[in-house]
Amino acid sequence: MEKEYYTTDFEQLLKDATEDFKMYPSRRVWNSLYNNLHPAKRWPSLAVCLLLVTSILYIGVTNNNAINASSKFASSTRIWIADNHLNSSTKDLGNEQVTEAVVDKTVAVKNKSLNNYEKFLAEQDRVKQLLSLNIRQENVNAYVDSKLPYNSQKESAAQSSVITISNVSEANIQNPTSATSSTNSKTIEEKFAINDLPIDNPKEITSDNRILETSANIKNKLTQSITESLNNPDKAWIDNYAFYNRNEKNKWKAKTSLEYYITPSIGFRDIGDNSTYKPGVNNSLVASTANGNLSKDVDQQAAVNLEAGAALLYSVSKKLRLKAGLQFNYTNYSINAYELKHPAQTSLLLNDPITGNRPRVQAYNTLYANSPALSSTKLNNNTVQLSVPLGFDYKIAGNNRIQWYAGATAQPTYVASGNAYLVSADMKFYVNDNSFIRHWNMNSAVETFISYKTNNGLIINAGPQIRYQLFSTYTKEYTYTEKLYNIGLKMGITRNF
Amino acid sequence: MTEEQMLAGSIKNNAAAQEALYNRFSPRMLGVCYRFAKNREDAEDMLQEGFIKIFTQLHQYRSEGALEGWIRRIVVHTCINILKKNKKFNESVDIIHANGIHIREDIIPSIMQAKQVVECIRVLPLGYRTVLNLYAIEGFSHKEIGHLLDIEESTSRSQYTRAKAMLEDILIKKNIIHKPRKKLYGDTAI
């Protein structure tokens, strides 16, 4: 063979020298390989994600439909038809047997202005004419006392911003003559509730067994009546008025909310040379990294981290809100190391603050090596942190129901405790010394999330977050710096006061 | 776990058997990849790619030769395929007259023991290193190398000659070999 013919001592030397050359791959290789060979194992997590997304979409679509169906003029119109057996109060008008109808209507009126109030009264007359009803004004919801003089009514209305009128009729609403054959007693209640005004919401099924039912004709007539009496500018004015004229206490409450959140994340670390370190005479004790990259020489494996906290949110404008809170963090990652049979002596090369950054050697005995030994093991470096996140959220887009935010926080942090396996100066061993953990640190976080408001006013938030530690985990004495960072999914709930 | 059990289990896509097979051969195969690669990270990528091929083609192994040889062949081919995707590699391996290339002594690693020869090989220019790895260590002929790398057989020969001379020079300077040579470059021994 050609190869054998040309093989010389030199080729043999190369072969012999490289034959037994081994390198131990990092765990990352097997993990990637495993994921490639067994992709089916991913399906459970994908299925759960898909289910979650589908559920959120379903809830969103369902609730949006409910809102659309019930919101006209930024109000709800509901017709209540009473069960005739339980609530009949049939009256005879001559030979005709007619039903009794009750119409409740709630609208907002302008504070200290007669214009809309008078419009409302005029509209009341129109409804009366239209429906041929005997309208009586009563203080159903305690907003207007009908016994008060006219001026007092206006004043009362001005203070409360909302007037509720209950109309009781003794006529069949659709067609009085056609009601002769009817023995049904119907209670019709209609509410025009302006957004954010304190109205009482009727239950879908009341205690006296009234059920919700729509009467298209009645609804159309009432709707037409209100539409004619309140044009768009009026409605907008009422809406704005109600929003901006809350009392001071309500203003503060409306702008403030409390968020509770939890963030499972994956924790990594970025290791580098300590720039304040002065190598000096002991430079020979510091390893030159094989790859020129410290991160690669120290084999690290990401691990699950956890964050939980609460924050107070204060809206300074419709798009911007400030936040401050208290947060707990557990950070950790694993080091792929090797366990020795017998303790080995190694050292850390440290900056000595007393001698002006001249290095000093601190000796340790350790059982953990950075190069292949008796058996492989995992060392866990972790910290327990308490921090005060201070920052803001900015609304990028959205409506009343779903909103998209981006936010950032700075987090002064106290590291309460932790566990530290430090790589030795020659990078051949790991030593355990927690005294090098820095107790005060600073973190920063950026996030973007989707907010979804549920029917009961609870807001659900979810989105990705990146948290980065600005200062090294370890004190300035240590030869290397380590900065932790987490990539996680922040999930929270927000509730208004 | 015996080699037969590992083989049978791996063919059945048994994760434990696959991991055992991987643990058995990956250190040596990473050493092979490291000789071809630019750095350890690239070597690990080559190793990963190689083992994916190994596990997906394992049913084709006929037990006619040593399993390690079969695995090594796949890994080497994977390394070459990955290198060939790099335009710089294609240019460097096709240069016939690579005179004027000098290795600075200070970049030659001064580490001891088994790794030193490999590190000296890795100091060579990419084209030289690849041909030398394939010919001197992996046992490919120049014809096979020409076919593998899409170059002329004569190009492979000249690349190897220069690579060999350069490596000898490095090894002598590092006192790994002591064979005196009168002419280091342009040797036409092949």
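Residues numbered from 1 in each chain as written. Chains lettered and ligands numbered in written order. Predicted model: local features only at pLDDT ≥ 70, side-chain atom pairs only at ≥ 80, totals over all residues.

1. What about the interface of chain A and chain B?
It is common to give the size of an interface as the accessible area that goes away when the parts come together. Facing the 27 residues of chain A at the interface are 34 residues of chain B. If you list the elements that add at least two residues to the side of chain A that touches chain B, you get helix 1 (2-6), helix 2 (9-19) and helix 3 (27-37) of chain A. Residue composition of the side of chain A that touches chain B, grouped by class: 14 nonpolar, six polar and seven charged. (Contact = placed C-beta atoms within 7 Å. Helix = DSSP H or I, 4+ residues; strand = E, 2+ residues; numbered from the N terminus. Nonpolar A, V, L, I, M, F, W, Y, C, P; charged D, E, K, R; others polar.)

2. As for unusual backbone geometry
The backbone of Met427 of chain A shows a phi angle near 65°, a positive value even though the residue is not glycine. Structurally, Met427 of chain A is set in the loop between strand 14 (421-423) and strand 15 (429-432). A residue is classified by how many C-beta atoms lie within 10 Å of it, and Met427 of chain A, with 20 of them, is buried. We note that Asn13 of chain B has phi near 65°; this positive angle belongs to a residue other than glycine. (Buried ≥ 20, exposed ≤ 12 C-beta atoms within 10 Å, placed from the backbone.)

3. Re the packing of helix 3 of chain A against helix 3 (residues 40-57) of chain B
In contact at an axis separation of 10 Å, helix 3 of chain A and helix 3 of chain B are set at 35° when each is read in the N-to-C sense. The hand of the helix 3 of chain A/helix 3 of chain B crossing is right-handed. Along the contact surface, helix 3 of chain A presents Val29, Ser32, Leu33, Asn36 and Leu37 of chain A, while helix 3 of chain B presents Glu44, Leu47, Gln48, Phe51, Ile52 and Phe55 of chain B. (Axes fitted to C-alpha atoms, helices over the stretch in contact; angles between N-to-C directions. Left-handed = near helix turned anticlockwise from the far one by under 90°.)

4. Points about the confidence of the model for chain A
Residues and elements named next belong to chain A. Summarising the model, chain A shows a mean pLDDT of 70, and 55% of its residues fall at 70 or more. The low-confidence segment residues 1-7 (pLDDT under 50) makes six contacts with residues lying over four places distant or belonging to another chain. Taken together, the stretch residues 287-292 has pLDDT below 50 and engages in eleven contacts with residues farther than four places along the chain or on a different chain. (pLDDT = per-residue confidence, 0-100.)

5. Quick look at the nonpolar core
Counting 50 residues, the largest nonpolar core has Cys33, Leu132 and Leu167 of chain B as the members making the most contacts within it. It is helix 2 (residues 15-36) of chain B that contributes the most residues to this core, nine residues altogether. Ignoring anything within four residues of it in the chain, the contact list for Leu167 of chain B reads Cys120, Ile121, Leu124 and Leu132 of chain B. Ala337, Tyr368, Val423 and Ala425 of chain A belong to the second-largest nonpolar core, a separate cluster that totals 15 residues. (Core = buried A, V, L, I, M, F, W, Y, C linked by C-beta atoms within 7 Å.)

6. Looking at helix 6 (residues 115-123) of chain B
Of all the residues in helix 6 of chain B, the buried ones are Val117, Val118, Cys120 and Ile121 of chain B. On an axial view of helix 6 of chain B, the arc spanned by its buried residues comes to 160°, and they lie on one face. (Arc of directions from axis to C-beta.)

7. Quick notes on the confidence of the model for chain B
All names here are of chain B. The share of residues in chain B with pLDDT of 70 or more is 79%, and the mean pLDDT across the chain is 80. Looking across chain B, the model is least confident in helix 5 (residues 87-93), with a mean pLDDT of 66, and most confident in helix 3, with 91. Per-residue pLDDT stays below 50 along residues 107-112; that stretch engages in ten contacts with residues further than four places along the chain or on separate chains. Among the scores for the predicted complex, ipTM is 0.77 and pTM is 0.41.

8. Side note on the environment of Trp252 of chain A
All names here are of chain A. Within the secondary structure, Trp252 sits in helix 10 (residues 248-255). Given 12 C-beta atoms within 10 Å, Trp252 falls into the exposed group. Residues Trp252 and Phe497, spaced 245 residues apart in sequence, show a C-alpha to C-alpha distance of 9.0 Å.

9. Comments concerning the pairing of strand 12 (residues 390-398) of chain A
Residues and elements named next belong to chain A. Relative to strand 13 (residues 402-419), strand 12 runs antiparallel, the two being bridged by eight bridges. Bridge pairing in strand 13 places Lys395 opposite Tyr405. Here strand 12 folds back onto strand 13, and the loop between the two strands holds three residues. (Pairing = 2+ DSSP bridges.)

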